[in-house]
Amino acid sequence: MRRTIFSIFTHRILANSNSTRTTSTFLYSNPLNREPNGGFAFFRQFSFTRRPPEPDPNDPSTLMKEDGVSVCCQMWLENFREPDRTVTNLSSYLRRFELWVLAYQKVSADETGAYVPRSTIERSALEDLLALRNAVLDNRFRWGARLDFFLKSPKDKTDYGSLSKRKIKAILTTSQPAPFQDKIVQEVLFMILEPVYEARFSQKSFAFRPGRNAHTVLRVIRSSFAGYLWYIKGDLSTILDGMKVGFVINALMRDVRDKKVIDLVKSALVTPVITTKVGDEGVKKKKTKRKYQKKRVLAEDEPKPDPYWLETFFGFAPEEGEKTPSWGHCGILSPLLANICLDELDRWMEGKSKEFYRPSKSDVIWNSPEGEAEHGNTSWPEFVPTSGPDKTRKMDFIRYGGHILIGVRGPRADVATLRKQLIEFVDQKYMLKLDNESLPIEHITKGIMFLDHVLCRRVVYPTLRYTATGGKIISEKGVGTLLSVTASLKQCIKQFRKLNFLKGDRDPDPQPCFRMFHATQAHTNAQMNKFLSTMVEWYRYADNRKKIVNFCSYIIRGSLAKLYAAKYKLRSRAKVYKIGARNLGRPLKEKKGQSPEYHNLLRMGLAESIDGLQYTRMSLVPETDYTPFPSNWKPNHEKALLEYIRLEDPKTLEGQKSCIREQGLVSPQDYISMLVWNYKRNAIMMDQLSLLKSASSNAGKDQQLPLGSNQEDHDHLTKEMEENDEGIHAAQM
């Protein structure tokens, strides 16, 4: 028996090389059932689909299923939704390759100075990044590698296999910057641990946290510390230098019970950091004649050094913000670990604040049992009456890094008892020996220095006007105190002297800024304008903002005038001011100042425009920012998280709907739904006006209903009127 088989194969190859789908169609024919015309009696057709191969787990492109930022947002929401739960599943986030890619982008931006989009990352870099992730998960990763790397920096072109023995020895025995792969692992750990602890940290901690800075501390002091008379200022910054590994791990394990993450942090703390030997530094090197070195031009992808104005402003950092913790190989993880360790101190202080509070009904501030009442007269939010034995007993504190400021309203004996308890707690918990000298008790009248600002009390005599019986208006002079937050001029002079901008204390004399000697006048003025703008922002909440910024402008202007006098050989500052004007905005190369030739060159673009110095007069300095600061303040990102969680709760939605129904209102979504429903039922677009018109016309038809109409027509009109009544009700709502 002869049998004919026709087979037709069609292949469709997908664009993705990882999955290929093949569809085959067979046509069978039986020769016994042929038609006379030679056609087939029947056709049997069937098709089958071959399964695509499973994705390769070692292919980086298949692991990036989601954006890294969305994964981070998911972690923040989970932790803020349940802030008190013990976290045990952080290893699942450690496996997410999206977080590793995001960490690579962040660290690459710091290394090269340019953002690297995810689509432009080379496949070889992704494969190396995946190898680094697998090494971390398999416990094969070692901190502080010097020669053997899973992943190198994009700007590191060194071939470590061809290095000489002398260079290898220098790399292994001298201090080197943190490897690129270590920074990526630190960044991933930071992204995983930060949302866990940010939901748990105290609201009294402000250093090394997102959305909080020194300005927040000053605003909290201005709004919440007005009624305190005694202050304890403590320096615990030695804790930031380093702590025992066991204590850090125990503090970390209070909320995190993931073994892989804990072991990774522990190995970063335990692994020794190689530093240059002290003996090698003391060896005197043979003096060689200095050769001329050509100025090196930085590459495009190489990060540029900090500009002079920013470096100068960093020199103005207050004492409380100078020290940043750096523990072992933790890198950017060190400030977070320091806050985790000091969080126990914050919780202890919060408990002491609740124990210390004793309200007094005879006091005008903090006289409620909860202690959250207004600070006396609402027109004077910082108005504090004189103290006495019948006043409220209350305390509050803030912590900025390793520095703590405690404000107390009550007798000095209670303050001394509190200081003794604090010394015992720090000794027991942190093994840190403190004494009365390191925790001085100071009265507000002497002035308390914190963050280069002085907290002091000014006596004010406000005029109190009130209406007596008979309608007579009586004016009386009241006596009170006002908390003043002023910038310390002494500290400002000290910082300028440290930066070699002036000399002398009582009569400070500006010194020429020779570091800008080879820069043009336009570039020098631009650098100093940026510095002055930053200083204006730094002293934004100081009561003497105008005075302190005017002093800074005087020092900067005098320093530049002496520099220009030496550079252009003009002999004196008076000559410089005569040619370059008060703001040094005129070109000093031309002794005639703004000559007609300069205007022509400037108009043609052949001369560089020179911006004069800002804030040369006190009237140009902006006023102090006295914006009210709420007592329950939270950063914007925490507000957004809590609002999103609240709106996501079904109870909130039900409560909003019930409130809308009780008030007889309708939500925009329901109103649109009613319009769509009316349109579907009536086949025309009907809004509120048309519904009312149709209702009036139906009412007229009902009145004109003839007596001889049958019951069926009457029922039909009644049903139509009920349908229109529903539309009227929806439109009226």
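None of these values were measured; they are calculated from a predicted model.

Undergrad: Could you clarify how one ought to interpret the overall build of the chain in this entry?
TA: Broken down by element type, the chain carries 25 helices and 15 strands. Expressed as a percentage of the 733 residues in the chain, the buried residues total 41%. Considering only contacts in the chain between residues 6 or more positions apart, those separated by 24 or more positions represent 70%. Accessible area of the chain: about 43,600 Å², with a carbon and sulfur share of 53%.

Undergrad: Sorry, what's going on with the packing of aromatic side chains here?
TA: We describe a pair of aromatic rings using the distance from one ring centre to the other and the angle between the two ring planes. Under the defined criterion, the tally for this structure stands at 19 aromatic pairs. For the pair F496 and F551, a centre-to-centre distance of 6.5 Å together with 70° between the ring planes defines the contact as edge-to-face. In this pair, F496 is assigned in helix 16 (residues 489-498) and F551 in helix 18 (residues 545-567), connecting sequence segments 55 residues apart. Look at F496 and you get buried, because its relative accessible area is 0%. Taken together, the ring pairs connect F316, F496, F501, F531 and F551 into an aromatic cluster. Sitting above the plane of the F356 ring, R393 keeps its charged end 3.9 Å from the centroid. Directly above the aromatic system of W230 lies the positively charged group of R412, at a separation of 5.8 Å from the ring centroid.

Undergrad: Which parts of the structure should I look at to understand the pairing of strand 7 (residues 403-409)?
TA: A regular strand places its side chains on the two faces of the sheet in alternate fashion. For strand 7, a buried count of seven out of seven residues is recorded, marking the element as mostly surrounded by other parts of the structure. Of the two faces of strand 7, the one carrying H403, L405, G407 and R409 and the one carrying I404, I406 and V408 are both buried. As paired strands, strand 4 (residues 230-235) and strand 7 are joined by six bridges and run antiparallel to one another. When the bridges of strand 7 are listed, D235 appears paired with H403. Between the antiparallel neighbours strand 6 (residues 394-400) and strand 7 lie two residues, among them G401 with a positive phi of about 70°.

Undergrad: What is the right way to read the pairing of strand 11 (residues 463-467) from this model?
TA: As paired strands, strand 11 and strand 12 (residues 473-477) are joined by five bridges and run antiparallel to one another. For R465, the partnering residue across the bridge sits in strand 12 and is S475.

Undergrad: Is there a simple way to explain the packing of helix 4 (residues 97-112) against helix 7 (residues 180-198) in this structure?
TA: Each pair of packed helices gets described by two things: the angle between the helix axes and the distance between those axes. Packing of helix 4 against helix 7 leaves a shortest axis separation of 9 Å and a crossing angle of 125°. With respect to helix 7, the element helix 4 is oriented oblique. Helix 4 and helix 7 meet at a crossing whose hand is right-handed. Residues L99, W100, L102, A103, Y104, K106, V107, S108 and E111 of helix 4 form the contact with helix 7, whose own contacting residues are F180, K183, I184, V185, E187, V188, M191 and I192. Broken down by class, the residue content of the contact of helix 4 with helix 7 amounts to 12 nonpolar, one polar and four charged.

Undergrad: So what exactly am I meant to see when it comes to the pattern of salt bridges here?
TA: Oppositely charged side chains can form a pair if their charged atoms are brought close together. A full pass over the atoms with the stated rule returns 32 salt bridges. Residue K259 pairs with D263 through a salt bridge whose shortest N-O separation is 2.8 Å. With a gap of four residues between them, K259 and D263 both fall in helix 11 (residues 259-270), about one helical turn apart. Put simply, E198, R209, R212 and E638 are held in one network by salt bridges that share partners.

Undergrad: Would you mind showing me how to read helix 18 here?
TA: Residues three or four positions apart in an α-helix share a direction because the helix packs 3.6 residues into each turn. The end-to-end C-alpha separation of helix 18 is 33 Å, in line with the 33 Å expected for 23 residues at 1.5 Å each. Looking at the residues trailing helix 18, positive phi occurs at K569, about 55°.

Undergrad: I'm lost on the sheet that holds strand 8 (residues 441-443) in this one. Help?
TA: Reading across the sheet, the four strands line up as 6-7-4-8 and stay open at both edges, with antiparallel pairing between neighbours. Every interior strand has two partners, whereas the edge strands, strand 6 and strand 8, have only one. Across the sheet, the mean angle separating the axes of adjacent strands is 20° when strand polarity is ignored. Across the sheet, helix 14 (residues 333-356) is in contact with strand 6 and strand 7; its angle to strand 6 comes to roughly 170°.

Undergrad: Help me understand the environment of S202, please; the structure alone is not making it clear to me.
TA: Structurally, the position occupied by S202 is in the loop between helix 7 and helix 8 (214-224). Sequence separation of S202 and R347 is 145 residues, and the distance between their C-alpha atoms is 7.1 Å. Residues in contact with S202, not counting those within four places in the same chain, are R209, D343, D346, R347 and E350.

Undergrad: Mind showing me how you'd approach helix 2 (residues 68-81) here?
TA: Between its first and last C-alpha atoms helix 2 spans 20 Å; for 14 residues at 1.5 Å apiece the expected length is 20 Å, and the two agree. Inspection of helix 2 places G68, V71, C72, M75, W76, L77, N79 and F80 among the buried residues, and these make up the whole buried set. Buried residues in helix 2 make contact with helix 3 (90-94), helix 4, helix 7 and helix 21 (636-648).

Each value, and the rule that gives it
Residues numbered from 1 in each chain as written. Predicted model: local features only at pLDDT ≥ 70, side-chain atom pairs only at ≥ 80, totals over all residues. Heavy atoms only, no water. Helix = DSSP H or I, 4+ residues; strand = E, 2+ residues; numbered from the N terminus. Buried < 20%, exposed > 50% of the residue type's maximum accessible area, 1.4 Å probe, protein only. Contact = heavy atoms within 4.5 Å. Areas by Shrake-Rupley, 256 points an atom, 1.4 Å probe, with all protein chains shown as cover. Phe/Tyr/Trp six-rings, centres within 6.5 Å; stacked < 30°, edge-to-face > 60°. Lys NZ or Arg CZ within 6 Å of the ring centre and 35° of its normal. Pairing = 2+ DSSP bridges. Axes fitted to C-alpha atoms, helices over the stretch in contact; angles between N-to-C directions. Parallel < 35°, antiparallel > 145°, perpendicular 65-115°, else oblique. Left-handed = near helix turned anticlockwise from the far one by under 90°. Nonpolar A, V, L, I, M, F, W, Y, C, P; charged D, E, K, R; others polar. Salt bridge = Lys/Arg side-chain N within 4 Å of Asp/Glu carboxyl O. Expected span 1.5 Å × (residues − 1).

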